[in-house]
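# Summary of the model geometry
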Amino acid sequence: MSVKISPSILASDFSSLGDEVVNITQAGADYIHVDVMDGHFVPNLTIGPDVVKSIRKKSSLPFDVHLMIDPVQPYIEKFVEAGADIVSVHPEASDDTETCLNKIISLNVKAGLAINPDTEWEVVKPFMDKLDLILVMSVHPGFGGQKFIPTALDKLSNLREEINKSGREIQLEVDGGINFENVQSVIDAGADMIVAGTTTFKGGPSEYANNIEKLRGHKIGY
Ligand code: DX5
Ligand code: ZN
């Protein structure tokens, strides 16, 4: 089995976002990772549901929508209506996590929990029966192009064990600072879904397929 690649469009050329979504789809991506930031939960502003709705027409891949916003609950439905297939929320946001997950589930899309570098992995435990995905942040959320924080590796190993114990099919995604050099280490630690912005979009459209192949060319070891 090989890992799934979810390119973060944060690193794409926003002046031709629709074309970038087409390019990355044709290049063999498995998902489209959409980073939603509000300038409050994280110190950066990115895109909202209208943009998601408009690029939705450009790809049939599942949209993996990472909500770094607070409040988050009032916006979940808007992102699902816009075309999200997976919605991940942060327990560090002030809305009640269980209520948010229930909302996502009630809208018939996949529910993810994204955890920051300073958050203990055990935070997922009460929610295991609701989750389809756990997203381990390997940088502090807010910006692409940051350096990988190695403490994510232990967190991934612990979560892989917890997922295996649960017997549920929960994807284990890692997000931030992934490159060709460190991708094998996150896979060995248990990740089966890789977010990569800078590394995927490096070199322009002619390189996307090659970049994705190089990220994917690693085998899952668990
Ligand atoms: C950071 C975002 C990441 C980011 C990844 O807050 O959640 O998805 O765009 O970008 P790279 O791969 O450049 O670290
Ligand atoms: Zn992200």
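Residues numbered from 1 in each chain as written. Chains lettered and ligands numbered in written order. Predicted model: local features only at pLDDT ≥ 70, side-chain atom pairs only at ≥ 80, totals over all residues. Heavy atoms only, no water.

Coordination of the zinc ion (ligand 2) by the protein is provided by His33 (NE2), Asp35 (OD), His66 (ND1) and Asp175 (OD), with metal-donor distances spanning 2.0 to 2.3 Å. When the donor residues of the zinc ion (ligand 2) are listed from N- to C-terminus, their spacing reads H-x1-D-x30-H-x108-D. Pair noted here: Asp35 is in strand β2 (residues 32-37) and Asp175 is in strand β7 (residues 171-175), with a separation of 140 residues, a long-range link. For the pair Asp35 and Asp175, a shared accessibility class is recorded, and that class is buried. (Donors = N, O, S within 2.8 Å, 3.2 Å for Na, K, Ca; no water. Helix = DSSP H or I, 4+ residues; strand = E, 2+ residues; numbered from the N terminus. Buried < 20%, exposed > 50% of the residue type's maximum accessible area, 1.4 Å probe, protein only.)

A few words on the site of ligand 1. Around ligand 1, the structure places 20 residues, and the nearest of them are Asp35, Gly142, Asp175, Gly197 and Thr198. At 3.1 Å from an oxygen atom of ligand 1 is found a side-chain nitrogen or oxygen belonging to Ser8. Relative to its free-state accessible area of 380 Å², ligand 1 is covered by the protein chains to the extent of 99%. Breaking the shell around ligand 1 down by element, the ones donating at least two residues are β2, β3 (63-68) and β8 (193-196). For the shell around ligand 1, the element with the highest residue contribution is β2, accounting for 3 residues. Per-class residue counts for the shell around ligand 1 are 8 nonpolar, 10 polar and 2 charged. (Near = heavy atom within 4 Å. Polar contact = N/O pair within 3.5 Å; in protein donor to acceptor, adjacent residues only side chain to side chain. Areas by Shrake-Rupley, 256 points an atom, 1.4 Å probe, with all protein chains shown as cover. Nonpolar A, V, L, I, M, F, W, Y, C, P; charged D, E, K, R; others polar.)

Looking now at the packing of helix α3 (residues 73-82) against helix α4 (residues 97-106). Contact geometry of α3 with α4 gives a least axis separation of 10 Å together with a crossing angle of 20°. One finds that α3 runs roughly parallel with respect to α4. The element α3 and its partner α4 pack so that their crossing is right-handed. Every residue of α4 that contacts α3 at Gln73, Ile76 and Glu77 is listed here: Thr99, Cys100, Lys103 and Ile104. Classifying every residue of the contact of α3 with α4 gives 3 nonpolar, 2 polar and 2 charged. (Axes fitted to C-alpha atoms, helices over the stretch in contact; angles between N-to-C directions. Parallel < 35°, antiparallel > 145°, perpendicular 65-115°, else oblique. Left-handed = near helix turned anticlockwise from the far one by under 90°. Contact = heavy atoms within 4.5 Å.)

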